[in-house]
Amino acid sequence: MTNSSAYIMYGCPVSLYTGKARSYMRKKGISYTERLQSHPDYFGKIVPKVGRIVIPVIEAENGDTVQDTTEIIDYLESKHDSGSAYPTGPRQKILSLIFELFGDEGLLKPAMHYRWNFDDDNDDFISLEFGRFMNPVAEDGDAKQLAAMPKAKMSGLLPALGITDETKGAIEASYHDLLDALNAHFLKHPYLFGGTPSIGDFGLYAPLYAHLGRDPAPSMIMKKKANRVWRWVERMTASDADMPEFPNLAPAFYDDDQIPETIAPILKVIAKDYLPELKGLVGFINQHLIDNPEIDEGDAIIKDANARSLGFFKATIRDTEFSLVARHYSIWMLQRVQDAFATLSSTDAEEVRSYLSETGLEEILDLKTKRRIERDTFKEVWGKTQ
């Protein structure tokens, strides 16, 4: 394996998931060149291969094309020996995968709420950012005109994510509780599990950087309310360990599968505010499978080219009912937690289960759809029954 390979990454600064892949490549010292979607090769080469407009996508020197941040990271893990983002300790490993799931999927509500519902503070910045990933040198007025269409598209997704006037109070209360818990942790620890970022850090970083740490309104909330979270965002953006506050800490995961006591309060917020959504989603998909017994292994999850999801489901979070689009990709991410758990010895599995039971998250190990969801050639398909 080598660390000298160069990659092209198609993404943009304002993109949540691009931030996750960019941070990983920086931290691992992997050489890459970033290109915007406006680059001619994106529509000339990447979109025909992937089959849709999506970022980030990386293209390797050998022609390999990888889409999806988790698959990008796993691909790079297989090609480079610069230290794994996956801890080997059973508790650290399972918890890091839970944090990745929560960052990638569970924080979409606050990320999108704080980006699109605070126009007085955000709109000028967002307009210029969106316009300039389409034309990087556009003057202000032109950039804002270019931004109108993608802004309308993205802000129009809020109801599908359960973001309404009725739910924004619960979303904000949950986010503030999360900031409190994360702030207490990052006051004492540079990363989740020691002196190097885990896959969980990269998952959390995606929304906490691109939307919540970069857009003006939520950025100011973070800096005022959770200074050490902001410092962690800054640290995750750097290419080195960037932890002068911890001069005696080795750039490695804590020995002996140590879990800081400050981790449990963060997991309790996840159990309170994200587990109900996962339970509702699993129940909805299982009912869909019952209602459609003709579904077979290998079938595309979404067969209708004009459809984006299987439908909506309801979940009650903080005594507030949310109507949410069924993000079947979340199940693929959930399976990563459960697949890793299934590889543990009985003793390690019991320790993990016992720890999660104390935080209210034990159910996450057992929430399963009647069929697996797999990824094949850039899309999700139905897998085997389970």
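Structure first, text after, so check above.
Right, let's walk through the structure included here. (Residues numbered from 1 in each chain as written. Predicted model: local features only at pLDDT ≥ 70, side-chain atom pairs only at ≥ 80, totals over all residues. Heavy atoms only, no water.)

### Some points on the overall build of the protein
Applicable threshold: Each helix is a run of DSSP H or I of at least 4 residues and each strand a run of E of at least 2, with the numbering of both proceeding from the N terminus. In this description the radius of gyration comes from C-alpha coordinates, and the expected globular size is given by 2.2 Å times residues to the power 0.38. A 1.4 Å probe rolled over the protein chains alone gives each residue an accessible area, and that area as a share of the maximum for its type sets the label: buried under 20%, exposed over 50%, partly exposed in between. By definition in these notes, contact holds between two residues if any of their heavy atoms fall within 4.5 Å.
Counting its regular elements, the protein contains 15 helices and eight strands. Expected size for 386 residues packed as a compact globule is a radius of gyration near 21 Å; at 20 Å, the protein falls within 12% of this value. Across its three principal directions, the C-alpha atoms of the protein cover 60 × 60 × 50 Å. Going through the 386 residues of the protein one by one, you find that 55% of them count as buried. A sequence separation of at least 24 residues applies to 73% of the contacts in the protein between residues at least 6 apart.

### A look at the nonpolar core
Stated precisely, the cut-off is as follows: To form a nonpolar core, buried Ala, Val, Leu, Ile, Met, Phe, Trp, Tyr and Cys residues must be joined to one another through side-chain atoms within 4.5 Å.
Ranked by size, the top nonpolar core spans 122 residues in total, and within it Leu208, Ile263 and Ile364 carry the most contacts. Once residues lying within four places of it in the same chain are set aside, the contact partners of Ile364 are Ile98, Leu101, Leu275, Leu278, Leu334, Gln338 and Leu356.

### As for the pattern of salt bridges
Test applied: Throughout this description, the term salt bridge denotes a Lys or Arg side-chain nitrogen within 4 Å of a carboxyl oxygen of Asp or Glu.
Counted according to the given criterion, the structure contains 32 salt bridges. The salt bridge involving Glu100 is made with Lys20; its shortest N-O contact spans 2.8 Å. Here Glu100, found in helix 4 (residues 90-106), pairs with Lys20, found in helix 1 (residues 16-27); they are 80 residues apart in sequence, far enough to count as distant. Pair check on accessibility: Glu100 and Lys20 agree, each one buried. In this structure, Asp215 and Arg115 form a salt bridge, with 2.6 Å as the shortest nitrogen-oxygen distance.

### So, helix 7 (residues 140-155)
The criterion, for reference: At every residue, the bend is computed as the angle between two fitted axes, covering the seven residues ending there and the seven beginning there respectively.
Along helix 7, the largest kink reaches about 40° and is centred on Ala148; proline Pro150 follows within four residues of it. Restricting attention to buried positions, one finds in helix 7 the residues Ala143, Ala147, Pro150 and Lys151.

### Side note on the sheet that holds strand 3 (residues 57-60)
Note the threshold: A strand pair is defined by DSSP finding two or more bridges across the two strands. To get an axis, fit a line to the C-alpha atoms, keeping to the stretch in contact for a helix; angles then go from 0 to 180 degrees between the N-to-C directions.
Pairing in this open sheet of four strands is mixed, and the strands run 2-1-3-4 from one edge to the other. Whereas interior strands pair on both sides, the edge strands pair on one side only; in this sheet they are strand 2 (31-35) and strand 4 (65-67). Neighbour-to-neighbour, the strand axes of this sheet turn through a mean angle of 25°, independent of strand direction. Across three bridges, strand 3 lies against strand 4 in antiparallel orientation. By the bridge assignment, Glu59 is partnered in strand 4 with Thr65. Seen against the sheet, helix 3 (residues 69-79) touches strand 1 (6-10), strand 3 and strand 4 and runs at an angle of roughly 25° to strand 3.

### Section: the pairing of strand 3
The side-chain alternation of strand 3 yields two buried faces, one formed by Val57 and Glu59 and the other by Ile58 and Ala60. Pairing of strand 1 with strand 3, which is carried by four bridges, proceeds in the antiparallel orientation. Across the sheet, Ile8 pairs through a bridge with Glu59, a residue of strand 3.

### Examining unusual backbone geometry
A cis amide bond, omega 0°, links Ile55 with the succeeding residue Pro56. Tracing the sequence through the fold places Pro56 in the loop between helix 2 (40-50) and strand 3. We note that Asp242 has phi near 50°; this positive angle belongs to a residue other than glycine. Within the secondary structure, Asp242 sits in the loop between helix 11 (227-237) and helix 12 (263-273). If you check the backbone angles, Phe378 has positive phi at about 70° while not being a glycine. Judged by relative accessible area, which is 17%, Phe378 ranks as buried.

### Things to note about the side chain of His211
Tracing the backbone shows His211 in the loop between helix 9 (199-210) and helix 10 (216-225). We classify His211 as buried; its relative accessible area is 4%.

### Some details on the packing of aromatic side chains
Applicable threshold: Note on aromatic pairs: the rings of Phe, Tyr and Trp (six-membered ring only in Trp) are paired at centre separations within 6.5 Å, and the planes decide the class, stacked below 30 degrees, edge-to-face beyond 60, tilted for the rest.
Per the stated rule, a full pass over the model turns up 14 aromatic pairs. With 6.3 Å between their ring centres and 55° between their planes, Phe99 and Phe193 make a pair best called tilted. One end of the pair, Phe99, is in helix 4; the other, Phe193, is in the loop between helix 8 (168-188) and helix 9, and 94 residues separate them in sequence. Exposure remark for Phe193: the relative accessible area of 0% places this residue in the buried category. Seen from their ring centres, Phe130 and Phe133 are 5.5 Å apart, and the 55° between their planes marks the pair as tilted. Of this pair, Phe130 and Phe133 both sit in helix 6 (residues 119-134), three residues apart, which is roughly one turn of the helix. A single burial state applies to Phe130 and to Phe133, both of which are buried. An aromatic cluster of at least three residues, connected via ring pairs, comprises Phe186, Tyr205, Tyr209 and Trp232.

### A few points about the packing of helix 3 against helix 14 (residues 329-342)
Using the following cut-off: Each residue gets one of three labels, nonpolar for Ala, Val, Leu, Ile, Met, Phe, Trp, Tyr, Cys and Pro, charged for Asp, Glu, Lys and Arg, and polar for the others, Gly among them.
Across the interface, helix 3 lies against helix 14 with an axial gap of 12 Å and an inter-helix angle of 35°. Side by side, helix 3 and helix 14 meet where Thr70, Glu71 and Asp74 of the first sit next to Tyr329, Trp332, Met333 and Arg336 of the second. Looking at the contact of helix 3 with helix 14 residue by residue, the class counts come to three nonpolar, one polar and three charged.

### Re helix 10
Ala217, Pro218, Ser219 and Met222 are the residues of helix 10 that are buried. Contacts from the buried residues of helix 10 go to helix 5 (108-116), helix 6, helix 8, helix 9 and helix 11.

### Points about the packing of helix 4 against helix 15 (residues 346-359)
How two helices pack is summed up by the angle between their axes together with the distance between the axes. What counts, and what does not: Angles below 35 degrees are treated as roughly parallel, those above 145 as roughly antiparallel, those between 65 and 115 as roughly perpendicular, and all remaining angles as oblique. Each crossing is labelled by how the near helix is turned from the far one, with a counterclockwise turn of less than a right angle marking it left-handed and a clockwise turn marking it right-handed.
It is at 9 Å that the axes of helix 4 and helix 15 come closest, and there the two elements cross at 50°. Considering their axes alone, helix 4 and helix 15 lie oblique with respect to each other. Helix 15 is crossed by helix 4, and the crossing has right-handed handedness. For the pair helix 4 and helix 15, the contacting residues are Pro90, Arg91, Ile94, Leu95 and Ile98 in the first and Asp348, Glu351, Val352, Tyr355 and Leu356 in the second. Looking at the contact of helix 4 with helix 15 residue by residue, the classes come out as seven nonpolar, no polar and three charged.

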